[in-house]
Each structure stands twice: as structure tokens, then as C-alpha cells.
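# Structure at a glance
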Amino acid sequence: MKKKIMVTSALPYVNGLPHLGHISGCLLPADIFNRFQRSIGNDSIYICGTDDHGTAAAISAKEVGLSTIDFVTKMNEKFKQILNKLNIKLDIFSKTSTDVHRDVTSDFYKKVKENGYIEEKSSTMLFCEHDKVGLADRFVIGTCPYCGYEKAYGDQCDNCGKTYNPNELINPICTFCGNPAVKKETNHLYLSLNKLSPKLDAWIESKKDIWRPHVYSMAKRWINEGLSPRCITRDINWGFTVPEKGYEDKVFYVWFDAPIGYISMTKEFGGEEEVKQRWQNKDCEIYNFIGKDNIDFHTVFFPAMELASEHYELAHNVVGFNFLNFEGQKFSKSKKWGIFCNTLIDSDVDIDSLRAYLVSIFPENKDSDFTYEGFKGNTNAELVGKFGNFFNRTLNMINKNFEGCLDIDFDSLENLDENDNEMIEAIKTYPNTIAELFAQTEFRAAYKEIMKFASIGNTYLEKTAPWTLIKNEDFTSARKVLYLCLNMAKALAIVASPVIPEKCEQIWSEQLNFNGLPTDDNMWEESSKIDISKSHKINLPKPLFARLDDEIIERYKQELSIPFDLNDLKD
């Protein structure tokens, strides 16, 4: 039965453009998953956009001489260019500074308050006198009150893992200007996470066998340590004003309004009815694709907010990834260490080759590492040597010896031997195996099976040697072999299309000469059928992928390691 699927990826923060680690952690897997869901016939949409609010965006806008709204608008457009280059296809890529988002956030807050989960407290907050802003947790560092680590953040120490109130941080300083942060007493609104803990824990437990182990364990750690009320307002001038008397000079904290963006962007895309069908429908499966640093927000804070609103369905799966490193180290903008996506926009890098390699190293259960040697090896050995080679050999022989038309169908095949039957079995079963892995968000394993599928085709060609059959004028046997290979080519174009959509679309239309696209809705069921018509004629083949040599790799190392400079927005 056709399912409704809602796919989201963590909203990228607007203050900087992504590197490949960000892409592999949530945006690319969400795109692949959404493409797959549509190809098996499900009603799937993919929503994302920039997270626009918070102190960092306001200060960066000031530093480059732009109004904050102009800054976030320009950055949002840069993100769209990158996503377009990477062939990451969304139903909508919006932002959290829209009027629609303001209205949805305000309504969300009112529901949470009506249900008794908002409380007012006087608290000590950190403030930067130099920049005239309240400092959010990630924009202040100091000494951890528990372990003495000197670069602890305002709410959590990455060294010992302890959480605390920002006013407990020792010797806090503003990360923007380096000046000491001062403490100020002020009233703020808090979400009563402590009241929501039992319901939240029950939901987390219900996902134990669905989530990846590290996602479940991170969520449970918060529950086991005990949830406290969490502040949802801030003393800055960039954000949505709190619709509450006495709070006209405060805005919603960015972590509160940002995840609500999934709902507001859905509304922006399809109106209230779309929200009803995706977020208020227990039969719609919601998938949040996120990196390791966003697991807490999507397994604890946002679901707690949804529970408090009593108005929206929670995620079916929070698909948490780990970190992608680069050549054995963390990506570093200051060291120009990594591949920064702004450089891809005008690059001649084959995007499908890049997508395929990233999928092969997705940090699904542990951190992984991008290396140029690995990129070259995957392109040359897998995409050229296995995948592309199978298409090229098959189509070349059909064109050269049979003028592009085999004049045969499955019902007329004769004298099927063991090799033929193995090929038939592979075509009928591999698409289902690959589909199961995609459905379980096991992308690396799915990619391996796709390449194994292509290897079976190449092995079949070697065993049957249709070039020898043709030489010996055994055209009936040659047609049989090439017909089965042609059907496998059709299957491969479909099952690989979520990962390498551009190349699969090219071979489908330009070379295999089929109608529609392998990425079309409900196309997957065609992949396991051996049903190409007797009269079907293919077109001339051409290589799908180009080999990478050391000279090209060295050029990429120079061209792709240049981080985006915010000052370029002035142009």
C-alpha cells in the first residue's frame, strides 16, 4: 500500500556554507532516501531550509556590512546553488526568517503554553557588552566547573560531557570578540522538559529497535541524567519577538524556533492540508536525517516540544550519522583542510562520482574518512571498471552486431543453462535486496549490493563470451546472452538512480532509449522484470564515467580546499 513519507534533514545554519562533512551527514542521505521512496511508489516529500536566527548571523551580517535579512537571504541563495550542483533535489528549500515561519512558531508556542509546559524564571544570563548581545550557549567559552577544561561551551563541556547552567561557567568569554562575558539577571521563559520526561522516555524506548544504537544511547543519556526546564528566549534583536506581555524586547531562542521550521516549510510548500497529511497523520512516517551534533535536538528537545504542543506527530526514525573526517583529520576552515562546497559550484568534478564515493563512506555507525585516494579508487574501480564497463560492453555488442535491436524477448529464449539462470535469478532478486537496505537507511550496504549486481553482469559476460558466440555465428545464443544483459542494464539504471541520478537518467534516455526516467515515481517494480520488448532498439553507447588520474586529483586538492569568505557577499 502506498505510504506517506516525510523526509527532513537538519536545517543548516546560515552563518557559513557547508563542507562535504555536512553534506554526507544529512543532506545527501535524505535526498537518496527520498528518491528511493518515490521510486517504490510512496508519496514522499523532502523539506529543508536555512536556520536563520541567532547571535552569530546578526554579528556576521554586521561584520560584512549587510542588514541581517539581506545577509541570510544571500546565504540562502548560496545554499541553493550548492544543493543544485550536488543534484540534491528538495520539494522546498526555504528559511526560518519567513512570515509563515513566524506565524507557525507563535502558534506552536501558544499551544505549548496552553498545555502547561511553559514557566517563567528569573535567571542569570551571559551578555557581551562589546557586541550588545546576549550570548547563546555555543557563543561563549570558559572553564568547565566540573573538569576544568578551558574551552567548555556555555551549556555543556565537550571534554567531560557534563551539562550545566551558563552562569556556572568559569571565566566566560565571548567567542566573537574575545571580551569577557558579563552576567545579567533577567526573566526568561522555559520549556518544562522535566514534566515531559516520562512521555519522552516512553517514545525513545519505542524506537530502540529502529534507531541506530548511538542515537538511542545519546537520547537515553539525557533521560538518565534528568531533564531540567530549558530556556527558550534570548536577549537579542534578531529573531521572532515573543508574543507575551513583558517580553516584547526578547526573541525566541534559535534552537526553539529552528526545528519548527520543518512544519512551517511544509505549510509553505503545500498549505495547511499538507501539514495535516504529514505532521498530524499517524500513518505518515517522518524521517529526520541529522549529523551527530544534532542528535540531542531531534531525540530530546524537538520531540519534547511536539509532545508539549499535543498537536504534531513525532518522527518514525531519527537517522543519526557520525562525523566525516578528511584525510585523517577534522575539516578545518582555518587550515583550508577539506573540500568546501562553495568551490564545487564552478568545478568540473563529476558530481555522480562524488556522490557515489560519499555513499560508500557514509559515517552511518562510526566516524569515517574522505581521502582523495579513496575517491579515485572508487571512481576507477567501481564506477568505471564495474558499473560503466557493464553498460558499455553490453550496448556496444548489441549496436555493433545487431544494429541496436536484438529482435527477441523473454518468452522466446531457448536452451537456458546454469549461467543464464543465475543471471535471471539476480535480476529478479537483487533489486529487492537493495530496496530493503535503502528502506532501512543502510546506504553503504545498498551501494555495495549495487556494485555486486554489476559484477554479476560482468562475470556473466566473461563466462558466456558473446563475442566468441558471434564469431562462431551462434547468433541465437549471443542474442540470448545480450538480451539478459540488456534487462540487467535496465535494472541497474533504476536501482542506482537514487545514488547517481544524472548518469542513470542519461543512460536510460540517451543510450537504453527508454521512455520516462529511472527516477520516476513507482519505477522500482520495473527493475526486477525481464520484459524488454522484441522490437526495442537502443542508441549508441558512450562512456558514463571518466577515470581519475593523479594530475586531476592534485588539481582538485588545490581548487576545492578554499573555504567561503563571508566578505564575498559584498560583491
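About the criteria used
Residues numbered from 1 in each chain as written. Predicted model: local features only at pLDDT ≥ 70, side-chain atom pairs only at ≥ 80, totals over all residues. Heavy atoms only, no water. Helix = DSSP H or I, 4+ residues; strand = E, 2+ residues; numbered from the N terminus. Rg over C-alpha atoms; globule rule 2.2 N^0.38 Å. Buried < 20%, exposed > 50% of the residue type's maximum accessible area, 1.4 Å probe, protein only. Contact = heavy atoms within 4.5 Å. Areas by Shrake-Rupley, 256 points an atom, 1.4 Å probe, with all protein chains shown as cover. Lys, Arg positive; Asp, Glu negative; His and termini not counted. Charge placed at Lys NZ, Arg CZ, Asp CG, Glu CD. Phe/Tyr/Trp six-rings, centres within 6.5 Å; stacked < 30°, edge-to-face > 60°. Lys NZ or Arg CZ within 6 Å of the ring centre and 35° of its normal. Pairing = 2+ DSSP bridges. Axes fitted to C-alpha atoms, helices over the stretch in contact; angles between N-to-C directions. Salt bridge = Lys/Arg side-chain N within 4 Å of Asp/Glu carboxyl O. Polar contact = N/O pair within 3.5 Å; in protein donor to acceptor, adjacent residues only side chain to side chain. Right-handed = clockwise from strand over helix to strand, strands pointing away. Expected span 1.5 Å × (residues − 1). Disulfide = S-S within 2.5 Å.

Let's shift gears to the overall build of the chain. For the chain, the count of helices and strands is 16 helices and 16 strands. Relative to the compact-globule value of 25 Å for 571 residues, the chain shows a C-alpha radius of gyration of 27 Å, a close match. Among the 571 residues that make up the chain, the fraction classed as buried is 58%. Across the chain, contacts joining residues at least 24 apart in sequence account for 78% of those joining residues at least 6 apart. Only carbon and sulfur atoms are counted for the fraction: they give 46% of the accessible area of the chain, which is about 23,800 Å². The averaged location of the 84 negative side-chain charges in the chain is 2 Å from the averaged location of its 67 positive side-chain charges.

What follows covers the packing of aromatic side chains. The full count for this structure, using the stated rule, is 35 aromatic pairs. Centroid distance phenylalanine 362 to phenylalanine 443: 5.9 Å. Interplanar angle 85 degrees. Geometry classified as edge-to-face. Placement of phenylalanine 362 in the loop between helix H9 (351–360) and strand E16 (368–370) and of phenylalanine 443 in helix H12 (residues 443–464) is noted, with a sequence separation of 81 residues between them. For the residue pair phenylalanine 362 and phenylalanine 443, the accessibility class agrees, reading buried in each case. Here the aromatic residues Phe108, Tyr109, Trp222, Phe252, Tyr253, Trp255, Phe256, Phe297, Phe301 and Tyr312 are joined through ring pairs into a cluster of three or more. The ring of phenylalanine 301 carries the charged tip of arginine 230 above its face, separated from the ring centre by 4.2 Å.

This part covers the sheet that holds strand E5 (residues 133–134). Spatially, E5-E4-E9-E10 is the arrangement adopted by the four strands of the open sheet, whose pairing is antiparallel. The open sheet is flanked by E5 and strand E10 (230–231), the only strands paired with a single partner. Across two bridges, the pairing between strand E4 (residues 118–128) and E5 is antiparallel. By the bridge assignment for E5, phenylalanine 127 is matched with glycine 134.

We now examine the sheet that holds strand E1 (residues 4–9). Strands sit in the order E3-E2-E1-E13-E14 across an open sheet of five strands; the sheet is parallel. The sheet is open, and its two borders are formed by strand E3 (92–95) and strand E14 (317–320), each paired with just one other strand. On average, each strand axis in the sheet is inclined to that of its neighbour by 20 degrees, with strand direction left out of account. In terms of strand pairing, strand E13 (residues 284–290) meets E14 through four bridges, oriented parallel. What sits directly across from tyrosine 287, in E14, is asparagine 317.

Turning our attention to the pattern of salt bridges. Following the criterion strictly, the structure yields 32 salt bridges and no others. With a closest N to O distance of 3.2 Å, lysine 3 and glutamate 285 form a salt bridge. Placement of the pair is lysine 3 in the segment before E1 and glutamate 285 in strand E13, with a sequence separation of 282 residues. A relative accessible area of 38% means that lysine 3 is categorised as partly exposed. Of the charged contacts in the structure, one is a salt bridge between aspartate 367 and lysine 292, with a shortest N-O distance of 3.3 Å. In this pair, aspartate 367 is assigned in the loop between H9 and E16 and lysine 292 in the loop between E13 and helix H8 (295–309), connecting sequence segments 75 residues apart. Here aspartate 367 falls in the partly exposed class, since its relative accessible area comes to 36%.

Take the environment of tryptophan 222 next. As for its position among the elements, tryptophan 222 is in helix H6 (residues 213–225). Here the alpha-carbon distance between tryptophan 222 and threonine 299, two residues 77 residues apart in the chain, equals 9.5 Å. A distance of 3.0 Å separates a polar atom in the side chain of tryptophan 222 from a polar atom in the side chain of aspartate 296.

Summarising burial for E13: seven of the seven residues are buried, a large majority. Burial of E13 is two-sided: the residues Cys284, Ile286, Asn288 and Ile290 facing one way and the residues Glu285, Tyr287 and Phe289 facing the other way are all buried. As paired elements, E1 and E13 share six bridges and run parallel to each other. Residue pairing in the sheet places methionine 6 in a bridge with isoleucine 286 of E13. Since E13 and E14 lie parallel, the crossover through H8 that links them has a hand, and here it is right-handed.

This part is about helix H2 (residues 55–63). Burial analysis of H2 places seven of its nine residues in the buried class, which makes it a mostly covered element. All buried positions along H2 are accounted for by Thr55, Ala56, Ala57, Ala58, Ile59, Ser60 and Ala61. Of the surrounding secondary structure, the elements contacted by the buried residues of H2 are helix H3 (68–85) and E5. Downstream of H2 by a residue or two, glycine 65 has a phi angle that is positive, lying close to 75 degrees.

Not every positive phi belongs to a glycine, and aspartate 407 is a case in point at roughly 55 degrees. As for its position among the elements, aspartate 407 is in the loop between helix H10 (372–402) and helix H11 (418–439). Judged by relative accessible area, aspartate 407 falls into the partly exposed class, the value being 48%.

Quick look at the side chain of glutamate 274 now. Here glutamate 274 lies in helix H7 (residues 254–279). Residue contacts for glutamate 274: discarding those within four places in its chain leaves Ile45, Thr266 and Phe269.

Across its 15 residues, H8 extends 21 Å between first and last C-alpha, which sits within 8% of the 21 Å expected from 1.5 Å per residue. Counting buried positions along H8 gives 14 out of 15 residues, so the element sits mostly inside the fold. Directly after H8, the chain includes glutamate 310, whose backbone phi takes a positive value near 55 degrees.

The next point concerns the state of the cysteines. Per the stated rule, a full pass over the model turns up zero disulfides. With no disulfide of its own, cysteine 174 has cysteine 177 as its nearest cysteine by sulfur position, at a separation of 3.8 Å. Of the cysteine sulfurs around cysteine 284, a residue in no disulfide, the closest is that of cysteine 48, at 17 Å. Accessibility expressed as a relative area gives 5% for cysteine 284, which makes it buried.

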